[in-house]
Amino acid sequence: MVADEASLTIAVTGLAWTTALGESLDTVWSRLLRSETGLRPEPARHTLRSDLTARVDRWSDCTPTERLKRIGVHTALRALADAKTDPRNESVWLVVGTSLGGLISPESHCDSLHDWAAVIAEELGLDERVVSISTACSAGSDAVLVGAELIRSGMAEVCVCGGVDVVTAEKRLAHSALGTMSPSSLRPFDRRHDGTLLGEGAGFLVLEARRGPPSSASNTYAILRGCGSANDASGLTAPDRDGRAAAQAMLRSLRDARCDASSVGLVSAHGSGTPLSDLAEARAYKAVFSKTRKPLIIATKGAFGHTLGATGAIEAIVLVLSLRRKCAPPIAGLELPMEEVDLPLARTMILPCDRGIGLSLTLGFGGFDTSLVFEVPR
Amino acid sequence: MIHLAINQGPVLVVAHAESGDADRSRFPQEVRAAIRYADPAAWAIAAALGNVIRSLPSSSSVTGSDVGLIVIGENAPRDAIASVRGTAPNGYVSPLRFAAAGPGSILSVACLAHDLRGPTLNITNPVSTGALPACIVSSQWLERSLARFVFLSTWLPSERFGARATSILLAQAQQMAAGVSRKLGEVASYLADWSLCGRLEPLA
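First, a word on what this report is: a plain description of the structure on this page. Nothing here was measured: the structure is a model prediction, and the numbers come from that model.

### Some points on the overall build of chain B
Moving on, step 1. Helices and strands together make up the secondary structure of chain B, namely 8 helices and 6 strands.
Moving on, step 2. For chain B, the N- to C-terminal ordering of α and β elements is α-β-α-α-β-α-α-α-β-α-β-β-β-α.
Moving on, step 3. By principal-axis analysis of the C-alpha atoms, chain B measures approximately 55 × 40 × 30 Å.
Moving on, step 4. For chain B, buried positions account for 58% of its 204 residues.

### Focus on the side chain of B:Ser158
All names here are of chain B.
Moving on, step 1. Assignment of secondary structure puts Ser158 in strand β4 (residues 149–158).
Moving on, step 2. Take Ser158: its relative accessible area is 13%, and that puts it in the buried class.
Moving on, step 3. Leaving out residues up to four positions away in the same chain, Ser158 has contacts with Ala163 and Arg164.

### A word on the pairing of strand β1 (residues 8–18) of chain A
Consecutive side chains of a regular strand alternate in pointing toward one face of the sheet and then the other.
All names here are of chain A.
Moving on, step 1. Most of β1 is tucked away: 11 of the 11 residues are buried.
Moving on, step 2. Sheet analysis places β1 next to strand β7 (residues 201–211), joined by 10 bridges and oriented antiparallel. Bridge pairing in β7 places Trp17 opposite Gly203.
Moving on, step 3. Inspection of the sheet shows β1 paired to strand β8 (residues 222–231) by 2 bridges, in the antiparallel sense. The residue of β8 that forms the bridge with Ala11 is Ile223.

### Quick word on the packing of aromatic side chains
Moving on, step 1. Tallied over the full model, the rule gives 3 aromatic pairs over all chains.
Moving on, step 2. Of note, B:Arg97 hangs over the ring of B:Tyr37, and the distance from its end group to the ring centre comes to 3.9 Å.

### As for empty space enclosed by the protein
Moving on, step 1. Here the structure, examined in full by the defined rule, presents 3 cavities of 30 Å³ or more.
Moving on, step 2. Counted as a void, the largest cavity has a volume near 200 Å³.
Moving on, step 3. If you go around the largest cavity, you meet 17 residues; those closest to its centre are A:Ser99, A:Leu100, A:Ala136, A:Phe365 and B:Gly102.
Moving on, step 4. Breaking the lining of the largest cavity down by element, the ones donating at least two residues are α5 (169–178) of chain A together with α5 (95–101) of chain B.
Moving on, step 5. Looking at the lining of the largest cavity residue by residue, the classes come out as 9 nonpolar, 7 polar and 1 charged.
Moving on, step 6. Its volume calculated, the second largest cavity comes out at about 40 Å³.
Moving on, step 7. Taken together, the residues that form the lining of the second largest cavity break down as 7 nonpolar, 3 polar and no charged.

### Overview of the packing of helix α4 (residues 139–153) of chain A against helix α7 (residues 127–143) of chain B
Moving on, step 1. Relative orientation of the contacting elements α4(A) and α7(B) amounts to 80°, with a least axis distance of 9 Å. When the axes of α4(A) and α7(B) are compared, the pair comes out roughly perpendicular. The segment α4(A) lies against α7(B), with A:Leu145, A:Val146, A:Glu149, A:Leu150, A:Arg152 and A:Ser153 engaging B:Pro133, B:Ile136, B:Val137, B:Gln140 and B:Trp141.
Moving on, step 2. Of the residues in the contact of α4(A) with α7(B), the class split is 7 nonpolar, 2 polar and 2 charged.

Quick notes on the rules
Residue positions are counted from 1 within each chain, in the order its sequence is given. Here the convention is simple: chains get letters from A, ligands get numbers from 1, in the order in which they are written. Confidence filtering applies because this is a predicted model: local features only for residues at pLDDT of at least 70, side-chain atom pairs given and counted only at 80 or more, and all residues used for totals across whole chains, interfaces and linings. Excluded from the side-chain calculation are hydrogens and water; included are all heavy atoms of the structure. Under the DSSP-based scheme used, a helix requires at least four consecutive residues in state H or I and a strand at least two consecutive residues in state E, with every element numbered from the N terminus. Relative accessibility decides the category of a residue: with a 1.4 Å probe and only protein chains considered, values under 20% of the type maximum give buried, values over 50% give exposed, and everything between is partly exposed. Note on contacts: a residue pair qualifies if any of its non-hydrogen atoms lie within 4.5 Å across the two residues. When DSSP finds two or more bridges between a pair of strands, those strands are recorded as paired. Aromatic pairing here means that ring centres of Phe, Tyr or Trp (its six-membered ring) are within 6.5 Å. Orientation follows from the plane angle: under 30 degrees is stacked, over 60 is edge-to-face, and everything else is tilted. Whether a charge sits over a ring comes down to the Lys NZ or Arg CZ being within 6 Å of the ring centre and within 35 degrees of the ring normal. Detection works on a 1 Å grid of protein atoms alone, calling trapped sets that fit a 1.4 Å probe cavities and calling open sets with protein on both sides within 12 Å along at least five of seven lines pockets, with lining residues defined by an atom within 4 Å of a point. Grid points are joined across faces, edges and corners, and a volume is the space filled by probe spheres set on the points. For this classification, Asp, Glu, Lys and Arg are treated as charged, while Ala, Val, Leu, Ile, Met, Phe, Trp, Tyr, Cys and Pro are nonpolar and the rest, including Gly, are polar. Simply put, an axis is a line fit to the C-alpha atoms, just over the touching stretch for a helix, and the angle between two N-to-C directions goes from 0 to 180 degrees. For this classification, under 35 degrees means roughly parallel, over 145 means roughly antiparallel, 65 to 115 means roughly perpendicular, and everything else is oblique.

So, in structure tokens, the structure goes:
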């Protein structure tokens, strides 16, 4: 493939997000450290298990599909500006994911899964250099995975990769009917966990090919060391209860990163707060880390809500910031840790994180499990 | 950049088949029960994969945790989505139809029916622009041993069956004795052409 692939590294040179806690990297980070949450009561037209959602405080008068595009453009442009990258350069690609986006809203008359991404690409000046992904709650992390492969192959030098998603009335109804929505609050890995709560937003990471030894260049947030994914093959919603595919995804990403589990200092967990998913995920961590020095676990859905197709990208950004700032934000919503989780959980205080390698895991409906390994050189 | 990608390879096309009659009754009861309301395309893709698997020597094992699947196509699961759009204003969404409305569900039947637990992706570009990235990702997975085999699949609406699918099985060029060596661009062009007319000579 790429002639000098042995010396190719993939640097993260730009970050941006739009979340219920805000848009500035520093402001949102500070709010995470204070265990703040963006979940707020929002009246619904019909009875739901909960009225809590984590909304982006903009474009509320637009249709869901229009909000998806606007949030996507707004965030991707900021990521590119952060990376000081001109998107009109022919070697720049957009890779973007969502779950359902605005598709199931009655206002949406479009059945194309790609149109929204094409609009974002056009606004960025990228023409047709865009790949769209839809792998449920792993869409954001799969976008990063695909961007990395495009760079490794030489098809792109720079990829702006991320996920975008919006809360809609239909999604709230559906999760309430499915029983995946918590009637109380979102408590990742808590013994009293009883479901998830929806959020929305976007996260984008700019990946750039670097050749030669990895450097601590001032515009490099982190190195994307490896990616791995696996499928539960267990149906449309319920995860593989033993977490085998999630473990496989993590092991695959670590092999791709050419490092072993003992070198991982921090894990950004999926931590959706649903009992089945939390348990499957806990079993996956046990399978991967039981015989190694244990990494710290962080989980941010209690803060952002479950942002569906955006979650993988948003959580990857949290991981990178945690590695750079050498500390792990507390898990909002967690008070009584599940016994099944035998890794240290960042609970009520900010914990130091001295190792430079971290892993971000997402689990999506349909069995899409994706793991990304990042390193901040120490 | 795209020119470079088109000439990358070779990758081994091990087998290729289409779905024909994606009769759901051919699938085990436990699969049909687990994936109710899945889009016809999901059944067609699973059927095409099944035809590929049956065409291989009995000694070949193309299931398990090192077999991947990438589906390419921009069409949403129309029936499930229409159902959700139709009932939501009245305050009700069927949980099963909601799950089937998820675009990623298009891979679920194939993964469950054929025990595909390797890396999977749903690239939602039109096939004309999504096939090459799909081929590149497949090739990278094979090259770095993140998968031993990768199925590439796409589909078309069909009046008779609801959907028809085609599926190509790729392996590393050095891995198997049988197969046809192709550049990534050839495989991508084939998928793009098939997505326009649905009638081409098999690639292998």
